[in-house]
Amino acid sequence: MNIASFNRREWLQAAAAFGAAGLGATASRAAPSQQRQDLSGVTLRVGTYKGLWRPLLTASGQADTPYKIDWRELNNGVLHIEAINGDALDLGSGSEIPAVFAARQKAHVRFVAVTHEDLNNQATLARTDAPIKSIADFKGKRIGYVRATTSHYYLAKQLAEVGLSFNDITPVSLTPADGLSAFARGDLDAWAIYGYNGQLARTQYGARTIKTGVGYLSGNFPIYANPRTLDDAPRRAAIADLLQRLQRSFAWINSNYLAYARAQSAETRVPVGDIVELFNGRSGDYSLAAIDDSVIRSHQDVADTFQKLGVLDGPANVRPLWDRSFETLLRAHGA
């Protein structure tokens, strides 16, 4: 996508100029129709990542819900889906990849919307002292990644593009936090990673970006829902309300990122300036959107790719897990 670029000073000046005004406008907007129902007895168990939905709703003025939210920090999509499948979570999110495994296992989960976030923050990084200039130089090297996530997927795609596979490297599957420690120690030559751990690798350890997720990932990040919750009228109404609040919050990000960066920094301890730099280099604007046919086709392509890689033990049909019942609502409020 062609996005207007700003240098850091321009962004900070612009954000300071309209950030407070934008926040006030968002907070004063009319609440969604679900507030007319009595949802005071509802508690939604919602999975969040550090620095994402929870501080976003607060910063954008959308946190005053007519129901309670029991936030549960689970920092990868696999954990979100496992919790939903075990009826320990009502709503969560992640990439298309954990959702592929859920489809293969016929897990009790549904995908009800997608968010669009930054793909430049999904990156393959090399250590500053590693003799690596391109993905082709990965042969024989120690490459970190997070299994069954976007980093697993785009690393496989990037390797295949230059005629390599996981058999040609020394793949090291690590959690994001463990991967950062290994990268810092020099136990990895390169690392496929996403989120603020990748930014810390750049700012603290001089990591060089070899490739990003642009061109390899669809940019669709599903929102996962518990089908048991969807079958319960009050909790379903609460989910509809929360999706609309998140939709407004994601739209708010694009004009108020400095305020969001401050909220993220308070929770993640990543410096505000580093978070703003990520935004300045983003691949596209943030949004929360309804499901359409292209979203499902993209997800099926991911499933088919993982089967070819031998990561899945058989085919996965993703279509039955996509629930489009919120489509009209989200299209109306996203217009």
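For the structure itself, look to the data block above.
These numbers come from a predicted model, not from an experiment.

Colleague: What should I look at first to understand the pairing of strand S4 (residues 110–116) in this one?
Modeller: Here S4 lies mainly inside the structure; 5 of its 7 residues are buried. Relative to strand S10 (residues 220–225), S4 runs antiparallel, the two being bridged by 6 bridges. Its bridge partner lying in S10, Val114 is registered against Pro222. Note that S4 and strand S11 (residues 287–289) share 3 bridges and pair antiparallel. Residue pairing in the sheet places His116 in a bridge with Ser287 of S11.

Colleague: Help me out: how do you make sense of the environment of Ser283 in this one?
Modeller: Among the structural elements, Ser283 can be located in the loop between helix H11 (272–280) and S11. Residue classification places Ser283 among the buried positions, given a relative accessible area of 13%. Separated by 166 residues in the primary sequence, Ser283 and Glu117 have C-alpha atoms spaced 8.1 Å apart. Of note is the side chain of Ser283, whose polar atom sits 2.8 Å from the backbone nitrogen of Leu119.

Colleague: So what exactly am I meant to see when it comes to helix H9 (residues 233–253) here?
Modeller: In an α-helix, one turn spans 3.6 residues; hence positions three or four apart end up facing the same way. Over its 21 residues, H9 runs 30 Å from end to end, which matches the ideal 30 Å to within 8%, given 1.5 Å per residue. Burial within H9 is extensive, with 16 of its 21 residues counted as buried. Backbone nitrogen of Arg235 and a side-chain oxygen of the N-cap are separated by 3.2 Å at the start of H9; the cap is Asp232.

Colleague: What is the right way to look at empty space enclosed by the protein in this model?
Modeller: Gaps between atoms show up when a probe of the same size as a water molecule is rolled over them. In total, this model carries 1 cavity of 30 Å³ or more according to the counting rule given. In this structure, the largest cavity spans a volume of roughly 50 Å³. Every residue along the wall of the largest cavity is listed here: Ser95, Glu96, Ile97, Thr150, Leu217, Ser218, Gly219, Asn220 and Phe221.

Colleague: What should I look at first to understand the sheet that holds strand S8 (residues 190–194) in this one?
Modeller: Ordered by their spatial adjacency, 5 strands build an open sheet running S7-S6-S8-S5-S9, and the pairing between neighbours is mixed. Both edges of this open sheet fall to strand S7 (170–173) and strand S9 (208–212), since each of them pairs with a single strand only. Put simply, the sheet's adjacent strands are angled 25° from each other on average, direction ignored. Here strand S6 (residues 142–145) runs beside S8; their pairing, made up of 2 bridges, is parallel. Note that in S8 the partner of Ile143 across the bridge is Ala190. Strands strand S5 (122–126), S6, S8 and S9 of the sheet are contacted by helix H5 (residues 150–161), whose axis makes an angle of about 135° with S8. The strands touched by helix H6 (residues 176–185) within the sheet are S5 and S8, with S8 carrying the most contacts at an inclination of about 150°.

Colleague: Explain the packing of aromatic side chains here, please?
Modeller: The relation between two aromatic rings is expressed through the spacing of the ring centres and the mutual angle of the planes. Summed over the entire model, instances satisfying the criterion amount to 10 aromatic pairs. Three or more aromatic residues joined by ring pairs make a cluster, and in this case those are Tyr257, Tyr260, Phe279 and Tyr286. Of note, Arg127 hangs over the ring of Phe183, and the distance from its end group to the ring centre comes to 5.9 Å. A cation over an aromatic ring shows up here: Arg282 above the ring of Phe279, its NZ or CZ 3.8 Å from the ring centre.

Colleague: How do you make sense of the pairing of strand S1 (residues 43–48) when you look at a structure like this?
Modeller: Along any regular strand the residues' side chains alternate between the sheet's two faces. Counted residue by residue, S1 has 5 buried out of 6 residues, so it is predominantly covered. By the bridge criterion, 6 bridges tie S1 to strand S2 (residues 68–73) in an arrangement that is parallel. Directly across from Thr43, in S2, lies its bridge partner Lys68. Handedness of the crossover is the feature at issue here: the chain leaves S1, passes through helix H2 (residues 53–59), returns alongside S2, and the resulting connection is right-handed.

Colleague: Just checking my understanding: could you explain the side chain of Arg127 for this structure?
Modeller: Looking at the secondary structure, you find Arg127 in the loop between S5 and S6. For Arg127, a relative accessible area of 15% puts it in the buried group. Not counting residues up to four positions away in its chain, the partners in contact with Arg127 are Phe183, Ala184, Gly186, Leu188, Asp189 and Arg208.

Colleague: Just checking my understanding: could you explain the pattern of salt bridges for this structure?
Modeller: Pairs may arise between side chains of opposite charge once their charged atoms sit close together. One pass over the full model with this rule turns up 18 salt bridges. The partner of Arg72 in a salt bridge is Asp70, and the shortest N-O contact between them spans 2.8 Å. A relative accessible area of 29% means that Asp70 is categorised as partly exposed. Residue Arg104 pairs with Asp313 through a salt bridge whose shortest N-O separation is 2.7 Å. Taken together, the positions of Arg104 in helix H4 (residues 96–104) and Asp313 in the loop between helix H12 (293–309) and helix H13 (327–334) put the pair 209 residues apart, joining distant regions of the chain. Given a relative accessible area of 67%, Asp313 falls into the exposed group. Within the structure, one salt-bridge network assembled from shared partners comprises Arg45, Asp87, Asp90, Asp232 and Arg235.

Calculation rules
Residues numbered from 1 in each chain as written. Predicted model: local features only at pLDDT ≥ 70, side-chain atom pairs only at ≥ 80, totals over all residues. Heavy atoms only, no water. Buried < 20%, exposed > 50% of the residue type's maximum accessible area, 1.4 Å probe, protein only. Helix = DSSP H or I, 4+ residues; strand = E, 2+ residues; numbered from the N terminus. Pairing = 2+ DSSP bridges. Polar contact = N/O pair within 3.5 Å; in protein donor to acceptor, adjacent residues only side chain to side chain. Expected span 1.5 Å × (residues − 1). 1 Å grid on protein atoms, 1.4 Å probe; cavity = no way out; pocket = protein on both sides within 12 Å on 5 of 7 lines; lining within 4 Å. Points joined across faces, edges and corners; volume = space filled by probe spheres on them. Axes fitted to C-alpha atoms, helices over the stretch in contact; angles between N-to-C directions. Contact = heavy atoms within 4.5 Å. Phe/Tyr/Trp six-rings, centres within 6.5 Å; stacked < 30°, edge-to-face > 60°. Lys NZ or Arg CZ within 6 Å of the ring centre and 35° of its normal. Right-handed = clockwise from strand over helix to strand, strands pointing away. Salt bridge = Lys/Arg side-chain N within 4 Å of Asp/Glu carboxyl O.

Structural measurements only, silent on function.
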